[in-house]
Amino acid sequence: MASSVHIPLVGGTADGETVTVELDSNGRPPLTHHHLGPGGLAEAQIYELESDDRPDHEWVYTWRGPAV
């Protein structure tokens, strides 16, 4: 059974939201998250995984820009 983790999104239109992702066999989340906007794929945003030094989160997804 795969484990999952809640990771906050930082920056961009989804700033402050949290996503739940599955961890791989090495215990790491996916390197990127494509967050869909209200317009679906046309408004998707790319977030990239970064380690975080806050005690409440091991990782964050940081906004990198639109996916278009």
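Check the entry above for the structure.
Overview of the structure. A quick note: this is a predicted structure, and the numbers were derived from the prediction, not measured.

A word on the pairing of strand S1 (residues 4-10)
Consideration 1: Direction of pairing for S1 relative to strand S2 (residues 18-22): antiparallel, over a ladder of five bridges. What sits directly across from Ser4, in S2, is Glu22.
Consideration 2: In this structure, S1 lies alongside strand S5 (residues 59-66), joined through two bridges in parallel fashion. By the bridge assignment for S5, Leu9 is matched with Tyr61.

Description of the environment of Gly11
Consideration 1: By the secondary structure assignment, Gly11 is in the loop between S1 and S2.
Consideration 2: Taking relative accessible area as the criterion, Gly11 reaches 23% and is therefore assigned partly exposed.
Consideration 3: It is 9.4 Å that separates the C-alpha atoms of Gly11 and Gly65, two residues lying 54 residues apart in sequence.

What to know about the pattern of salt bridges
Consideration 1: The final tally for this structure, using the stated rule, is two salt bridges.
Consideration 2: For Arg64, the salt bridge goes to Glu48, with nearest N and O atoms at 3.1 Å. With Arg64 in strand S5 and Glu48 in strand S4 (residues 40-51), this residue pair connects regions lying 16 residues apart in the sequence.
Consideration 3: Residue classification places Glu48 among the partly exposed residues on the basis of a relative accessible area of 34%.

Comments concerning the sheet that holds S4
Consideration 1: With respect to topology, five strands assemble into an open sheet ordered S2-S1-S5-S4-S3, the strand pairing being mixed. Unpaired on one side and paired on the other, S2 and strand S3 (32-37) mark the two borders of the sheet. Strand-to-strand, the axes of this sheet are offset by a mean angle of 40°, without reference to chain direction.
Consideration 2: Two strands pair when backbone bridges link them, and S4 and S5 are joined in this way by seven bridges, in the antiparallel orientation. Directly across from Ile46, in S5, lies its bridge partner Gly65.

What to know about the side chain of His35
Consideration 1: Along the polypeptide, His35 turns up in strand S3.
Consideration 2: Filtering out sequence-adjacent residues up to four positions away, His35 remains in contact with Leu9, Ala14, Glu17, Val19, Glu43, Ala44, Gln45 and Tyr47.

Cut-offs applied
Residues numbered from 1 in each chain as written. Predicted model: local features only at pLDDT ≥ 70, side-chain atom pairs only at ≥ 80, totals over all residues. Heavy atoms only, no water. Pairing = 2+ DSSP bridges. Helix = DSSP H or I, 4+ residues; strand = E, 2+ residues; numbered from the N terminus. Buried < 20%, exposed > 50% of the residue type's maximum accessible area, 1.4 Å probe, protein only. Salt bridge = Lys/Arg side-chain N within 4 Å of Asp/Glu carboxyl O. Axes fitted to C-alpha atoms, helices over the stretch in contact; angles between N-to-C directions. Contact = heavy atoms within 4.5 Å.

Function cannot be inferred from these measures alone, as they are strictly geometric.
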